[in-house]
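Summary of structural features
Below, each chain spelled out in residue letters.
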Amino acid sequence: MGHWVYAFSGCPDSADYQQIADDAEPGDVVLRERPDGLGIVDGFVRESIDDIMMVARFRWVASADPSAVAPAVLQTSGPLPLAQRDAWPVRTGSKPDADEST
């Protein structure tokens with residue numbers, strides 16, 4: 001495990017900047033609290049990753065309170081992992097058909 005460089009860009013209220021992180025591998029999104037606090041966060045989506053240089057580039061998506069920023073960032077980053085899995089539809093209030101569960 002090494003140190004990753006996170007490069008953040010596009011936030012309208014701050015200049016582009018970098019941060020060193022000790023993560024095993026960067027995630028797809030980053031929510032960061034604003035330095036002045038007040039419950040405001042910046043949401044970023046990963047645009048690219050360089051495994052050799054250990055640099056992950058993130059693009060700004062939104063700034064607001066976490067309840068508003070998180071959905072915007074997740075929507076921009078793509079489908080959630082659960083949505084990518086094969087799943088059988090189950091009608092609410094009923095049992096799955098035998099042929100649907102095999």
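Whatever comes next refers back to the structure up there.
In this report, the structure presented in the accompanying data block is examined. (Residues numbered from 1 in each chain as written. Predicted model: local features only at pLDDT ≥ 70, side-chain atom pairs only at ≥ 80, totals over all residues. Heavy atoms only, no water.)

Details of the pattern of salt bridges
Counting across every chain of the model gives 4 salt bridges. Where Asp13 meets Arg34, a salt bridge forms, and the shortest distance between an N and an O atom there is 3.1 Å. Placement of the pair is Asp13 in the loop between β1 (4-9) and β2 (17-21) and Arg34 in the loop between β3 (29-33) and β4 (41-50), with a sequence separation of 21 residues. The residue Glu47 makes a salt bridge to Arg59 at a minimum N-O spacing of 3.1 Å. With Glu47 in strand β4 and Arg59 in strand β5 (residues 55-64), the pair connects residues that are 12 residues apart, well separated along the chain. Several salt bridges share partner residues, and in doing so they unite Asp13, Arg34 and Asp42 into one network. (Salt bridge = Lys/Arg side-chain N within 4 Å of Asp/Glu carboxyl O. Helix = DSSP H or I, 4+ residues; strand = E, 2+ residues; numbered from the N terminus.)

Notes on helix α1 (residues 66-77)
Along an α-helix, residues three or four positions apart point the same way, because every turn accommodates 3.6 residues. Look at α1: 16 Å from first C-alpha to last across 12 residues, which is about the 16 Å you get at 1.5 Å a residue. Positive backbone phi, at 115°, marks Gly78, one or two positions downstream of α1. (Expected span 1.5 Å × (residues − 1).)

Everything listed here is a matter of coordinates, which is why it stays silent on function.
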